[in-house]
Amino acid sequence: KAKGLKEYAGTELNRAGIRKVKSTLFTIYKAKNPRSVRVLDEKLIPDNYFRVKMSPNKQLLLEDLDAGKEIPGVEVQQTESLRIR
């Protein structure tokens, strides 16, 4: 629902030709995101723009740690996040 409301608010701001609405409870505004690159066709990009990076398989690590295996360089963590409904 939140995503739909956000899209609706953005559409209505565009349609009204305004960038910001301010009230006593909230402010809604359109802000530009940082510039980014969109890859259209990887085959056309020269090789020097590619990198190969090995990354750990965290799912396999977690399974082995849960099974009692000791693996140097990693630990299991339990974090929290705030959720609003």
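Structure first, text after, so check above.
Bear in mind that the values here come from a model prediction, so they are computed numbers and not experimental data.

Parameters and conventions
- Residues numbered from 1 in each chain as written.
- Predicted model: local features only at pLDDT ≥ 70, side-chain atom pairs only at ≥ 80, totals over all residues.
- Heavy atoms only, no water.
- Helix = DSSP H or I, 4+ residues; strand = E, 2+ residues; numbered from the N terminus.
- Rg over C-alpha atoms; globule rule 2.2 N^0.38 Å.
- Buried < 20%, exposed > 50% of the residue type's maximum accessible area, 1.4 Å probe, protein only.
- Areas by Shrake-Rupley, 256 points an atom, 1.4 Å probe, with all protein chains shown as cover.
- Lys, Arg positive; Asp, Glu negative; His and termini not counted.
- Charge placed at Lys NZ, Arg CZ, Asp CG, Glu CD.
- Contact = heavy atoms within 4.5 Å.
- Expected span 1.5 Å × (residues − 1).
- Salt bridge = Lys/Arg side-chain N within 4 Å of Asp/Glu carboxyl O.
- Polar contact = N/O pair within 3.5 Å; in protein donor to acceptor, adjacent residues only side chain to side chain.
- Patch = residues over 30% accessible without salt bridge, like charges linked within 9 Å, V, L, I, M, F, W, Y side chains within 5 Å.

Enquirer: Is there a simple way to explain the overall build of the protein in this structure?
Expert: Within the protein, the secondary structure is distributed over two helices and two strands. Walking the protein from its N terminus toward its C terminus, one meets helices and strands in the order α-β-β-α. Here the C-alpha radius of gyration of the protein, 23 Å, is well above what a compact globule of 85 residues would show, namely 12 Å. Once the C-alpha set of the protein is aligned to its principal axes, its extents read approximately 60 × 45 × 20 Å. Taken across its 85 residues, the protein has 2% of its residues classed as buried. Carbon and sulfur atoms form 53% of the exposed surface of the protein, whose accessible area is close to 9,600 Å². Charged side chains of the protein number 18 positive and 11 negative; the gap between the two group centres comes to 16 Å.

Enquirer: Whenever I open this one, the environment of Lys20 confuses me. Can you help?
Expert: Of note, Lys20 is situated in strand β1 (residues 20-22). Residue classification places Lys20 among the exposed residues on the basis of a relative accessible area of 54%. It is 52 Å that separates the C-alpha atoms of Lys20 and Ile71, two residues lying 51 residues apart in sequence. Apart from residues no more than four positions distant in its own chain, Lys20 is found in contact with Leu13, Thr27, Ile28 and Tyr29.

Enquirer: Just checking my understanding: could you explain helix α1 (residues 2-16) for this structure?
Expert: Compared with the 21 Å implied by 1.5 Å per residue over 15 residues, the 21 Å span of α1 between its first and last C-alpha is a close match. Taken from the residues just after α1, Gly17 is the one with a positive phi, measuring 75 degrees.

Enquirer: Can you walk me through the pattern of salt bridges in this structure?
Expert: Opposite charge on two side chains permits them to pair, given that their charged atoms come into close proximity. Counted according to the given criterion, the structure contains two salt bridges. With a closest N to O distance of 2.5 Å, Arg15 and Glu12 form a salt bridge. Of this pair, Arg15 and Glu12 are both found in helix α1, three residues apart, which corresponds to roughly one turn of the helix. Taking relative accessible area as the criterion, Arg15 reaches 63% and is therefore assigned exposed. The exposure class assigned to Glu12 is partly exposed, which follows from its relative accessible area of 26%.

Enquirer: Is there a simple way to explain helix α2 (residues 58-66) in this structure?
Expert: Working note: α-helix, 3.6 residues per turn, so residues spaced by three or four point in the same direction. Its side-chain oxygen placed 3.3 Å from the backbone nitrogen of Gln59, Asn57 serves as the N-cap of α2. One or two positions beyond α2, positive phi appears at Gly68, with a value near 100 degrees.

Enquirer: I would appreciate a short explanation of a nonpolar patch on the surface in the present structure.
Expert: Together, Ile18, Val21, Leu25, Phe26 and Ile28 line one region of the surface with nonpolar side chains, adding up to about 450 Å² of accessible area. Judged by its relative accessible area of 76%, Leu25 is exposed.

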